Amino acid sequence: MDLFIRVGRLLPSSVKVQVIVSPVDSRLPKILQTDLNLCELLGKSRVRNAGFLSPWLRKILHKNVFPQGCPIREGNYSWRNLNLDDLTIPSFIPNSKYDVNALAYFGDKSFQTPVCNLSLQVKIE
């Protein structure tokens, strides 16, 4: 899988990412909802503090052509040849289809300025 991102303007060092993982079946509870500091993740210093997402984040951040910190300058960036097949899914996550939503923003929770919204659906078998 390849991901390509176009950053249209300078992004400040206060960019956060809200990640929500929930089953497609809305009767089931969310698996995850967390806010992560994008700049700390890109600096790779705090990936170990991202809970069960840590192995995935380490792999994604390892294979990228993306700034290693903030601010993020205007430009084209990519993650190429991502293969997440060899990552272990925690046993507490049942087989199902999940919606994964990531909203990048700066500001605080009371006044967010959206930067990017990524939505995808994954299936765990």
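Residues numbered from 1 in each chain as written. Predicted model: local features only at pLDDT ≥ 70, side-chain atom pairs only at ≥ 80, totals over all residues. Heavy atoms only, no water.

Section: the environment of Pro 94
Filter applied, for reference: Strands are runs of DSSP state E lasting at least two residues, helices are runs of H or I lasting at least four, and both sets are numbered from the N terminus onward.
Residue position: Pro 94 is located in the loop between strand 5 (75–79) and strand 6 (96–108). Taking the C-alpha atoms as reference points, Pro 94 and Pro 23, 71 residues apart in sequence, are found 9.6 Å from one another.

A few points about the side chain of Ser 22
Heads up, the rule is: The criterion used for residue contact is that any of the two residues' heavy atoms lie within 4.5 Å.
Structurally, Ser 22 can be placed in strand 2 (residues 16–23). Among residues more than four places away in sequence, those in contact with Ser 22 are Lys 30, Ile 31, Tyr 98 and Asp 99.

Topic: the pairing of strand 2
In regular strands, side chains alternate between the two faces of the sheet. Under the convention used in this document: Any residue under 20% of the maximum accessible area for its type is buried, any over 50% is exposed, and the rest in between are partly exposed; the area is computed with a 1.4 Å probe on protein chains only. Here, a strand pair is defined by DSSP locating no fewer than two bridges between the strands.
For strand 2, the tally of buried residues reaches 7 of 8 residues, placing the bulk of the element in the interior. Two strands pair when backbone bridges link them, and strand 2 and strand 3 (residues 32–37) are joined in this way by 6 bridges, in the antiparallel orientation. Within strand 3, the position partnered with Val 21 by the bridge is Leu 32. Sheet topology note: the strand 2/strand 6 ladder contains 8 bridges and is antiparallel.

Observations regarding the pattern of salt bridges
Our working definition: We count a salt bridge whenever a side-chain nitrogen from Lys or Arg sits within 4 Å of a carboxyl oxygen from Asp or Glu.
In total, this model carries 3 salt bridges according to the counting rule given. For the salt bridge of Arg 6 with Glu 74, the shortest nitrogen-to-oxygen distance reads 3.2 Å. Note that Arg 6 is positioned in strand 1 (residues 3–7) and Glu 74 in the loop between strand 4 (64–65) and strand 5, a separation of 68 residues in sequence. With its nearest N and O atoms 3.3 Å apart, the salt bridge here joins Glu 125 to Lys 123.

A closer look at the nonpolar core
Heads up, the condition is: Buried Ala, Val, Leu, Ile, Met, Phe, Trp, Tyr and Cys residues form a nonpolar core when they are joined through side-chain atoms within 4.5 Å.
Membership of the largest hydrophobic core comes to 23 residues, with the highest contact counts inside it found for Val 15, Val 17, Val 19, Leu 38, Phe 66 and Ile 72. If you list the elements that add at least two residues to this core, you get strand 2, strand 3, helix 1 (38–42), strand 5 and strand 6. Among the elements that take part in this core, strand 6 stands out by supplying 4 residues, more than any other.

Comments concerning the sheet that holds strand 3
The following threshold applies: Fitting a line to C-alpha atoms yields each axis, with helices limited to the stretch in contact; the angle taken between N-to-C directions then spans 0 to 180 degrees.
In spatial order, the strands read 3-2-6-7; together these 4 strands make up an open sheet with antiparallel pairing. The open sheet has two edge strands with one neighbour each: strand 3 and strand 7 (111–124). If you compare each strand with its neighbour and ignore which way they point, the axes differ by 15 degrees on average.

With respect to a nonpolar patch on the surface
Note the cut-off: Exposure above 30% relative accessible area and no salt bridge define the residues that can form patches, which grow by joining like charges within 9 Å and nonpolar side chains of Val, Leu, Ile, Met, Phe, Trp and Tyr within 5 Å. Only the protein chains shown count as cover for residues, and the accessible areas themselves come from Shrake-Rupley with a 1.4 Å probe.
Among the surface-exposed residues, Leu 118, Leu 120 and Val 122 lie close enough to one another that they form a single nonpolar patch of about 210 Å² accessible area. Looking at Leu 118, the relative accessible area reads 40%, which means it is partly exposed.

Remember that the coordinates give geometry; whether it matters functionally is a separate question.
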